[in-house]
Amino acid sequence: MTLPLGFCLGTFGVSYVELRDAARLLDALGFDSVWLWDHYVSWNDPREPVIEGLTAIAALAEATQQIHLGPLVANNLNRHPGRLAKIAATLQEIAQGRFEMGIGGGGWKPEQEAFGIDQGTLDERTERVEEALQVVRLLWSGEPVTFHGRYYRLTGAIVSPPPHPLPPLIIGARGTRLCRIAGRFADGLNVQWRDRSRLDEQIAALDEGLADAGRTRHGFDLSVHADWRDLHPDPVAALDRWQALGFTRAIIYVAAPFPDNDFQRLTQMLHLTR
């Protein structure tokens, strides 16, 4: 069985129409998922156009039929987790069950500072994600939530209606501490192929977190985030390699202009059908 394959479409220097057309094509071709960044400003040039990811996902949910959609990943610093829980619930309703909630700690300092967001230290960002996962999960129960953490406080907060089905919580991580947190509180972990020299320690930390929660990797989504060039020259061999390493899904980053013809050739090579 071929590893499920999704694509993270770059949101810099692109129009919504280009994103929509690429997502529709990937949907029609039978690919697994489409993901968008959660950035406000391009690191190439601050004047380069940037599409806001979560807003665009809502539109893509209307524009597509079967493909799964999500942010890779939502920067936890950009929104209070209570607000993110509410946004995700609405996105799940629009997507009719196809939305997945990717979340991470953030860390691109110039972007945060430009918008007056104090990103704090790496440890603080990691601790914030740990609390945010608990807040989101509690709010998705649809019941009033009181939560008093170090970073977030809620008193009788509620998300109504709650999302149905519950979106998978996918953590984007590089450090082992966040990998361990993913094992304890999330439904999936996404790691970057460029960090493959750390893969053994990342997976060991994930397994520790899963064990802490009385779980195993059975049913857990372990995905690899790779670049378009990492998929070539032999996409089948690349997917087989990632599958042999224990990954359950591959997500490939591509920038605009999107390679429509290559997407179609990939479908033929992987024998995808919708």
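Calculation notes
Residues numbered from 1 in each chain as written. Predicted model: local features only at pLDDT ≥ 70, side-chain atom pairs only at ≥ 80, totals over all residues. Heavy atoms only, no water. Disulfide = S-S within 2.5 Å. Buried < 20%, exposed > 50% of the residue type's maximum accessible area, 1.4 Å probe, protein only. Phe/Tyr/Trp six-rings, centres within 6.5 Å; stacked < 30°, edge-to-face > 60°. Helix = DSSP H or I, 4+ residues; strand = E, 2+ residues; numbered from the N terminus. Pairing = 2+ DSSP bridges. Right-handed = clockwise from strand over helix to strand, strands pointing away. Axes fitted to C-alpha atoms, helices over the stretch in contact; angles between N-to-C directions. Parallel < 35°, antiparallel > 145°, perpendicular 65-115°, else oblique. Contact = heavy atoms within 4.5 Å. Nonpolar A, V, L, I, M, F, W, Y, C, P; charged D, E, K, R; others polar. Polar contact = N/O pair within 3.5 Å; in protein donor to acceptor, adjacent residues only side chain to side chain.

Enquirer: Would you mind showing me how to read the state of the cysteines here?
Expert: Covalent bonding between the sulfur atoms of two cysteines defines a disulfide. Overall, the coordinates contain 0 disulfides when judged by the stated rule. Unpaired in this structure, Cys179 has its nearest cysteine sulfur neighbour in Cys8, at a distance of 18 Å. Under the relative-accessibility criterion, Cys179 is labelled buried at 0%.

Enquirer: Would you take a moment to explain the packing of aromatic side chains for this structure?
Expert: Evaluated as defined, the whole model comprises 11 aromatic pairs. Here Trp193 and Trp242 contribute two aromatic rings whose centre-to-centre distance is 5.7 Å and whose plane-to-plane angle is 75°, an arrangement assigned as edge-to-face. Of this pair, Trp193 sits in the loop between β9 (188-192) and α7 (199-212) while Trp242 sits in helix α8 (residues 235-244), and the two are 49 residues apart along the sequence. Taken together through their ring pairs, the aromatic side chains of Phe12, Trp37, Trp43, Trp108 and Tyr253 make up a single cluster.

Enquirer: For this particular structure, what's the right way to read the pairing of strand β11 (residues 249-254)?
Expert: Two faces, one strand: in a regular strand the side chains alternate between the faces of the sheet. Of all the 6 residues making up β11, 6 are buried; the element is thus mostly covered by neighbouring parts of the structure. Residues Arg249, Ile251 and Tyr253 line one face of β11 and the alternating positions Ala250, Ile252 and Val254 line the opposite face, and both faces are buried. Here strand β1 (residues 5-9) pairs with β11 via 5 bridges, running parallel. In the sheet register, Cys8 faces β11, and the bridge partner there is Tyr253. Read as a crossover between parallel neighbours, the route from strand β10 (residues 221-227) over α8 to β11 is right-handed.

Enquirer: Help me understand the packing of α8 against helix α9 (residues 260-270) in this model?
Expert: For any two helices packed against each other, the geometry comes down to the angle between their axes and how far apart the axes lie. Interhelical geometry of α8 versus α9 gives an angle of 65° and a closest axis separation of 10 Å. In terms of orientation, α8 and α9 fall into the roughly perpendicular class. Residues Pro235, Val236 and Leu239 of α8 touch α9, and the partners they reach there are Leu266, Met269 and Leu270. Residues of the contact of α8 with α9, tallied by class, amount to 6 nonpolar, no polar and no charged.

Enquirer: I tried to follow the side chain of Asp27 on my own but got confused; where do I start?
Expert: As for its placement among the helices and strands, Asp27 is situated in helix α1 (residues 16-29). Side-chain polar atoms of Asp27 contact the backbone nitrogen of Gln66, separated by 3.2 Å.

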